[in-house]
Structure formats: structure tokens, C-alpha cells
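# Secondary and tertiary structure notes
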Amino acid sequence: MSTQVHANLTESQVEQISDDLGEPEWLLETRKEALAALDDLDMPEVIRTPGRTWTNLDALDYESLVDPLEYAQDKDRVDAEGVEVLSWSEALDEHADLVEEHFGSVVDPQRDYLTALSTALFSAGTVVYVPEGVDAEDVKIRTTMNSQSLFNYTLVLAEESSSVTILERQGTGETTDGDQYYSGIVEVVAEENAYVQYGALQNLSEETYNFQVKRGHADTYATVNWIDGNIGSRLTKSSVETRLLGDASESQILGAFFGHEDQHFDIGSRVWHEAEHTVADLVTRGVLDDEARSVYEGVQDVGREAWDTSSYQRENTLMLSDESEADASPKLIINNHDTEASHSATVGQVDEEDMFYMTSRGVNPEAAKNMLVEGFFVPVLEEVQVDELREDLDQLIYERLRE
Amino acid sequence: MSSDQDHLKETDTEKRFEFKKEEKSAFEAEKGLTEETIRVISEDKDEPEWMLERRLRALEQYKEMPMPDDWPGAPDLSEVDVDEIVPYIRPDIETRGGVDDWNDLPEEIQDTFDKLGIPEAEKNALSGVGAQYESEIVYQNMQERWEEKGVIFCDMDKAVQEHEDILKEYFMTKAVPPSDNKFAALHGAIWSGGSFVYVPEDTTVDMPVQAYFRMNSDGMGQFEHTLIIAEENSEVHYIEGCSAPKYSEFNLHSGGVEVFVKENAHVQYSTVQNWSKNTYNLNTKRAICEADGTMEWVSGSMGSKATMLYPSTVLKGPGATDNHITIAFAGEGQDIDTGAKVYHNAPETKSTIESKSISKDGGRTNYRGLVHIADGAEDSSTSVECDALMFDNESTSDTMPYMEIQESKVDVAHEATVGKIGDEDVFYLQSRGLDDDDAKQMIVAGFIEPITEELPIEYAVELNRLIELEMEGSLG
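Residues numbered from 1 in each chain as written. Chains lettered and ligands numbered in written order. Predicted model: local features only at pLDDT ≥ 70, side-chain atom pairs only at ≥ 80, totals over all residues. Heavy atoms only, no water.

### Concerning the overall build of chain A
Broken down by element type, chain A carries nine helices and 20 strands. Computed over C-alpha atoms, the radius of gyration of chain A comes to 21 Å, within 12% of the 22 Å expected from 2.2 N^0.38 for 403 residues, which places it in the range of a compact globule. Along the first, second and third principal axes, the C-alpha atoms of chain A reach 70 × 50 × 45 Å. When burial is assessed residue by residue, chain A has 62% of its 403 residues classed as buried. Look at the contacts in chain A between residues 6 or more apart in sequence, and 85% of them connect residues 24 or more apart. (Helix = DSSP H or I, 4+ residues; strand = E, 2+ residues; numbered from the N terminus. Rg over C-alpha atoms; globule rule 2.2 N^0.38 Å. Buried < 20%, exposed > 50% of the residue type's maximum accessible area, 1.4 Å probe, protein only. Contact = heavy atoms within 4.5 Å.)

### Section: unusual backbone geometry
The backbone of Asn193(A) sits at a positive phi, close to 65°, despite the residue not being glycine. Within the element layout of this structure, Asn193(A) appears in the loop between strand E9 (180-190) and strand E10 (195-203). A positive phi angle, near 55°, is found at Glu348(B), a position not held by glycine. Among the residues examined, Glu348(B) registers a relative accessible area of 51% and is labelled exposed.

### Things to note about the environment of Asp337(B)
All names here are of chain B. Counting through the fold element by element, aspartate 337 comes out in strand E20 (residues 335-338). Exposure remark for aspartate 337: the relative accessible area of 0% places this residue in the buried category. Ignoring sequence-local partners within four residues, the contact set of aspartate 337 consists of Gly73, Pro75, Thr307, Met308, Leu309, Tyr310, Arg364, Asn366 and Arg368. At a separation of 3.1 Å, a polar atom in the side chain of aspartate 337 contacts the side chain of arginine 364. For aspartate 337, the side chain forms a polar contact with the side chain of asparagine 366, separated by 3.1 Å. (Polar contact = N/O pair within 3.5 Å; in protein donor to acceptor, adjacent residues only side chain to side chain.)

### Quick look at the interface of chain A and chain B
At the junction of the two partners, chain A supplies 38 residues and chain B supplies 37 residues. Across the chain A-chain B interface, the total number found is two salt bridges. In this structure, Asp338(A) engages Lys420(B) in a salt bridge whose closest nitrogen and oxygen atoms are separated by 2.9 Å. Across the chain A-chain B interface, the total number found is 25 residue pairs in polar contact (both at pLDDT 80 or more). Elements with a contribution of two residues or more to the side of chain A that touches chain B: strand E19 (325-334) and strand E20 (339-348) of chain A. Grouping the amino acids of the side of chain A that touches chain B by side-chain chemistry returns 14 nonpolar, 14 polar and 10 charged. (Salt bridge = Lys/Arg side-chain N within 4 Å of Asp/Glu carboxyl O. Nonpolar A, V, L, I, M, F, W, Y, C, P; charged D, E, K, R; others polar.)

### A short note on the pairing of strand E9 (residues 225-230) of chain B
Residue and element names in this part refer to chain B. Most of E9 sits inside the fold, with six of its six residues counted as buried. Both strand E6 (residues 194-199) and E9 contribute to a ladder of six bridges, which runs parallel. Of the residues in E9, the one forming a bridge with tyrosine 198 is isoleucine 229. Pairing geometry for E9 and strand E12 (residues 256-261), over six bridges, is parallel. Across the sheet, alanine 230 pairs through a bridge with valine 261, a residue of E12. (Pairing = 2+ DSSP bridges.)

### Topic: helix H2 (residues 25-37) of chain A
The periodicity of an α-helix, 3.6 residues per turn, causes residues three or four places apart in sequence to face the same way. Across its 13 residues, H2(A) extends 18 Å between first and last C-alpha, which sits within 8% of the 18 Å expected from 1.5 Å per residue. In the core, the buried residues of H2(A) are packed alongside helix H1 (11-20), helix H4 (88-94), helix H5 (96-102) and helix H6 (113-121) of chain A. (Expected span 1.5 Å × (residues − 1).)

### Brief notes about the environment of Ser357(B)
Residues and elements named next belong to chain B. In this fold, serine 357 is placed in strand E22 (residues 350-359). A relative accessible area of 9% places serine 357 in the buried class. Separated by 57 residues in sequence, serine 357 and glycine 300 have C-alpha atoms that sit 9.7 Å apart. Excluding residues within four positions of it along the chain, serine 357 makes contact with Ala328, Thr365, Asp387, Ala388, Leu389, Ser397 and Phe447. Within polar-contact distance, the side chain of serine 357 engages the side chain of threonine 365 at 3.3 Å.

### Focus: the pairing of E9(A)
All names here are of chain A. Burial runs high along E9: 11 of the 11 residues are buried. Side chains of E9 alternate between two faces, with Gln180, Tyr182, Gly184, Val186, Val188 and Ala190 and Tyr181, Ser183, Ile185, Glu187 and Val189 buried alike. Alignment of E9 against strand E11 (residues 208-218), held across 11 bridges, turns out to be parallel. Its bridge partner being in E11, glycine 184 is matched across the sheet by glutamine 212.

### Some words on the packing of aromatic side chains
Residues and elements named next belong to chain A. Counted under the stated rule, the structure contains 18 aromatic pairs over all chains. Centre to centre, the rings of tryptophan 88 and phenylalanine 103 are 5.8 Å apart; their planes meet at 80°, and the pair counts as edge-to-face. Here tryptophan 88 is found in helix H4, whereas its partner phenylalanine 103 is found in the loop between H5 and H6, with 15 residues between them in sequence. Taken as a pair, tryptophan 88 and phenylalanine 103 share a single burial class, namely buried. The structure contains a cluster of three or more aromatic residues connected by ring pairs, namely Trp26, Trp88, Phe103, Phe122 and Tyr153. Positioned above the aromatic ring of tryptophan 272 is the side chain of arginine 215, whose terminal nitrogen or guanidinium carbon lies 5.1 Å from the ring centre. (Phe/Tyr/Trp six-rings, centres within 6.5 Å; stacked < 30°, edge-to-face > 60°. Lys NZ or Arg CZ within 6 Å of the ring centre and 35° of its normal.)

### Section: the side chain of Gln202(A)
Topologically, Gln202(A) is positioned in strand E10. With near-sequence residues (within four places) excluded, Gln202(A) lies in contact with Gln170(A), Asn210(A), Gln212(A), Gly229(A), Asn230(A), Ile231(A), Gly232(A), Ser233(A), Thr236(A) and Phe265(A).

Printed below as a string of C-alpha cells:
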């Protein structure tokens, strides 16, 4: 590990951020501990195969990217009846105990260097609190990044038998010169019989280095579903994870990405089956054009006590250009035999026969290719139950194809 | 099927694999690994200077390289202590490099191989058998009609003496350089014995060439080297079998296999490996396949405490093909980490990998595979299929494939499934009068059939028998 950021990072900066948000002592302490731990923490894990490192995170110059006290964003929060959608200051005022109980309970604040950095420096973010028994409508969060670096932290607490759908959109507003750094941590706590669907659509500027960890804990009968759409950024390292901790809990992780030029997406979809009768479904589709590169890791981990598990994973990548690269590692870790698990992964290009069929019916080749690429995303789009997110994603794909 | 069963009655595989013998050796190297040991081995073998130099260079590389233990889920190698193994033992026979007539072998060695059923295979007029006992080939035979065509099948030590130019060019220079990994370097330093197979142009060896390796001493290491060169338009099928009885100390097997498949040649390399459950089996096997050549790996990995083995093929020329068929079986205390690596470095190359694994009684199997499609390897295709069968929740079955795809005009597919032995299938068979164990054995036999049908009948029978013994828990 080389590029350490804290040459220009001090405890007093962390204190100032904490003070701005009106934080209690315990949170400041958590931040300080994360800051102090930076010295000993490694970069997030990336896949290495003989002679190759799939994503080079050490190449980032964090020192020049991160400006802890200069953060600016537009935050648009549309809340829904029965659910509280709060800024951090509001959440700390109104639900201090709940925040203290759950903060860092799903994502270890010191899981790796970049997570600890986020814990120490986050200034933006949202707490979504869904009280017991509430069926909330859609919650929408739009984050527009207006500074060189931005650290976003979202905590979702869905109490027993509640349900909520959250749509998060990340974009870039006023352009700043040079590279940018965006970091987002999302923790989802789904208590017994709760249902959380968290959809994120990342369309940051292509000068942005983007690090995201989204992780949920599902209690008995709970469901945590994720949608992770990645269109923007220069480099994205995104991990979407669910631990199925309660019997009969479920998770679906849907991923879609479309890379062009020299974009690099490192996408992880991971699920841990740790209780009985749990179900997981991981579906990712991606398209690569120009010199774009995708790195995909899918993990289905079935624990020793996870009886009667069902776990499925599919990953498909379409390559539109010879200069693109698609690396994939779909992994199965199975410790209980009472399991039905499968995964499949494919990489290929637009099917020649389909092209021939369409062009022979008078569609020009460019339009035919675009239609086939859009069609390729359909199996993922179909699974997106939120109309607005599906339409947005579809629109971004449409636009990218016609750039 | 009936002939299979007759064969099973005739041979008692369990006894064959479990016996061990007291015996004396002609020469035994000191424990551990030093430059001095290597000089002694090289001198005892009367090797040319260049081979000694390669050994010493490999030793230097070995010392510098890290253990392959930082991989995700890698087997525990903390017990592997090279200082505690005896790297080289030459059995007490007069004739260096093997005898021509089976009856010239010392009785105790004959007896050993009798129990392994090797002479039987020989009697069945198979083309040739090389049998390695400890570190050296003690017996080998080759049918004359192949020799007349210029086919060479001899042990590696003899090859160093008699085919020096070929060895100098191919030995650990192109396929498995010592720098490949720590155990390839170790192998390069202290290799001993193994087989050399050379098939000239336009020659088809239509019977399998066989070698059998066995470790018989306590706490020893075996480091045989196999070099196969199949010239243009030639064809050969090489089969090796391995076993070792059980001792209290650990054994280390670190073989090296290099296969050269020239234009339009066809090589099949089959292994049925059944090391004792205290053996660390850390092998490096690689084939380089030229245009329109075909390489086929068929592997059955049974036994051993831990196995790390990923036979790999470099598809170097256009139209080259690689097929992998592997089966792994891990019982109590075993960690079988195996898979396949394929590098598609030319257009229109094709690979298929079919991997089956069975885990039981706390055993762990892992498919760890790498498919690399280089930029420019257009119109290449690869298909990987992994199926795992698990018996209980003490066992573990992992699948860790890695796919690096740098070319768009390709067809890449990977599929894996894991499941338990089907209750319905067992019930069906039981309702037809089979008991629980027999029903499970029958299901397993069906599960591994794609492997067994690629093997000559004696090996298929042996593999089936080994799996039966594993399932009874009576082996190792």
C-alpha cells in the first residue's frame, strides 16, 4: 500500500465535520478510530490471477482527490407517508439511539482503507427510518455532486413487517476541474418480515473515481433486494452484498452496466446464506464498448447451517469492441449439501444471426445493433419492479447507444 | 459392465493400495534441501553439467518464491516442510534406468507391482508400462513395433544421457519454467525419474503408453518429471497412475509434466491419482499446443491430504483445441483444490472443460479454473461445466472460475451446479431392492461416467473401485 491520503488529513478536520453535523461523541470516536486505522488497512480486495491484477486501486492519487472540508452537493429527498427520510443532523437529533445501535452494524467501518476513509470523512447522506408495520411508498434520493470529493453515507432501518422502496440517483452537477472522488456506503437493516428494495443508478461524470459498498442484513422472512445500475464514472469499484441471517430470508441482486471509452467497472455481487430456507438470485448484464473494461465477481456462499438453500447466479457480458475486456469470476462456496445452487456466465458479442435476420428485414445495421443491445438488457430490466428506475436506466442505455 | 464386475472380484484394490513394505535402499539422500544435496543427486545420476546448473538455478528461485497460500480458500500448506523430506531415494537394483524383463526385477518390487495389478496390464499386451518405484523408473517396456518407428519411451534419467539435445531444448524451458511457481522451482531443483515420450512425425501410437508411480517410504518426496513430445501429425495417449500407502509423516509429491503438441498432433494425458491421505500433491502440468493440435487432459484426483493441481494448456496455434475432463473426490480431512487453465493465444482455438467433484465426510473440493482469451484470439470458444455432488453438510464444495476475456469475437460460457445426492433417486433405487449404500454408489458411478468412459477399462475399473472404497470409508 502506497498512496496514503492522510498527509493532508487531520483529526481536527474530522472533528470539524462531526461538529458541523452536530454529532454525538460516539460517532466522532468511530470516525477518529477509522482515521487512525488507515495506517494499517489495505485497499479493498481485488481479484488477482497469474500475472494480473484485475483492478488497480493503488494507482489513485487520493491525496490530490480528497479535500475533506470542501464538500458540496444538492440533495433531493422525496419522502413518503409513514417513513422518515432524514439528513444525518436530523436523524441524530430525532433518533439518536437507533442510529447508534445500527451505524456500522452492517458495514464494518474498518473493512478496508476506502471504507474507513469514508467513515472518517462522510458529510453527506441520509437515514431512512421505516417504523414497524409501515408500508411506505417510494422514497427518492437524488445526490448531485458539486465538489471534488464527496462522501455519502446512507443508513436504512426497516423495522418488523415494514416495507419500503428507495431509489437513489447519483450524478454530477457543476463541473469541477480534474478528477473527482465519490464514495458511498449504504447499510440496510431489514428486521423480521421487512421488505427493502434499494435501487441505485450511478451516472457520475467520467472524471469520477467511484467507490461504493452496499450491504444488507436480512432477518427472518425479510427481503433485501438491490438494483445496481452503473453508467457513469471513470472507475467504479462497487460491492453489493446481502447476508441472509434469518430463516426464509431472501435477496435479489440485479446489476446492469454499460461501459464505453476507457471506463472501468469492478462489480461485486455477493450473498451469504447463513440460515435455513434462504433464497438468492443474482442477475447481472453488462455491455462494453470502446476500451471499456468490466470486472465481475459473484459470490454465493452457503454456510454450514444453511439447510434447504436455493441460490442462483447469472452473469452475461456483451462486447461491442475488440479493445474492450470482460473479466469475470462467479464463485460458489458451498458448505451445506442441502442446496440447490447454480451459476452461469457468458461473454460474447452481438449475435451474427440476429443481426443478419434484422438487416435482411430492412433494418440498417446500426439500428439493428442498437436494438439488440437494448434487447440484451431486457432480462434485467424486466426484473426491475420500479417503473421509474427501469425507465431511467433504459433511457440512459438508449442515450449511450446514440452518442 | 459384467466384465467390470468380474475384474472387481479378481482384484482386491483395498489390499493393493494399503500394504507397505520394509526394504533397504541403495542410496538415500540426506533430509532437506541444500546445494550439496542437489550436487549429490546430480552426481549420482551422472548428469551433464548443464542439468546441474539448471537444478541449482531452480533452487535459487525456489528460495525466493512465496508459498501459494494467499489465494482465496487455498489449502493449508503450513505442514509442508521441505527440510523434513527425503528428496531422493534410489531403490536397490543393479540396472540403472530400468530392466527389460519383468522377471529380472527384485522379488519384493515384483511383488509390489503385482499387488498394484501392473503386470496384469502388461500381460494384456498394452504397449508399454514404465513403473516408477520411489524416485526411479525400475521397469519399462516398449513394444518393438513402436521402437522401430522411432517412438521413444524411457525414463527421464536415461533420456538425459541418451537424448541430451532434445532434453536441453525442452526440459523446463518452454512449458514449465522453474519460475512458474514455488513447487515448480522445487521440482526443477530435485526432480528425479519420470517418463520421456517422443513420437516422431506422422506416427500414431494406437495403444496407451503407461507409467505408474508409487511412493513407498516414510516421509519422502517424489518429484518425477514427464516430458512428452508429439511431432506433427502424430498421436499418443499417455496414462499415469500414482499411489502411496499411508504413514504417520507427510509425503510430498511435486511432479512436473510438460507436453508439446505439434501441428495437427493429438495427445491425451490421463491420470488416476490416489495418493495416501498424508500426501501433499502439488503438481505443475502444462501443454503447449500448436496449430490444429489437440490436447486432452483426463484426470481423476483421489486421495492426498491436499492437492493443488491445475493442468494447463497454451493454445498457441490457430485451430488448436484443448479438452479437460476432471474428477475430484474428497473424503474426511482432504482438500482437493484442482481445476484447469487454458490460454487462448491464437484465433479459432477451442476449449472445453468438464469438471465433476464429490465431497463427503468433511472433505473439500474446489474447482479453480482460469480461461484467458487473448486480444486477437478471435473466433475462439470455450465452455466450462462444473458439477458438484455433496453428501453431507460437513463437506465443502467450491467453484472459483476466473475468466479473462480480451477479445470480443468469442463465445464464452461457464456453468456450474451444486447439489446433494437426490433423495428421489436414492428412493427409486431402494424401491428396486438396492440398499442405501449401493444406491448411492450407483448414482455416483453414473455421475462420473463421462470420466470413466475416456479411460481404458483397467483404469476405469480402478477409478470406480477407488470411489467405492472412498464411499465405504475404508481407504486411507
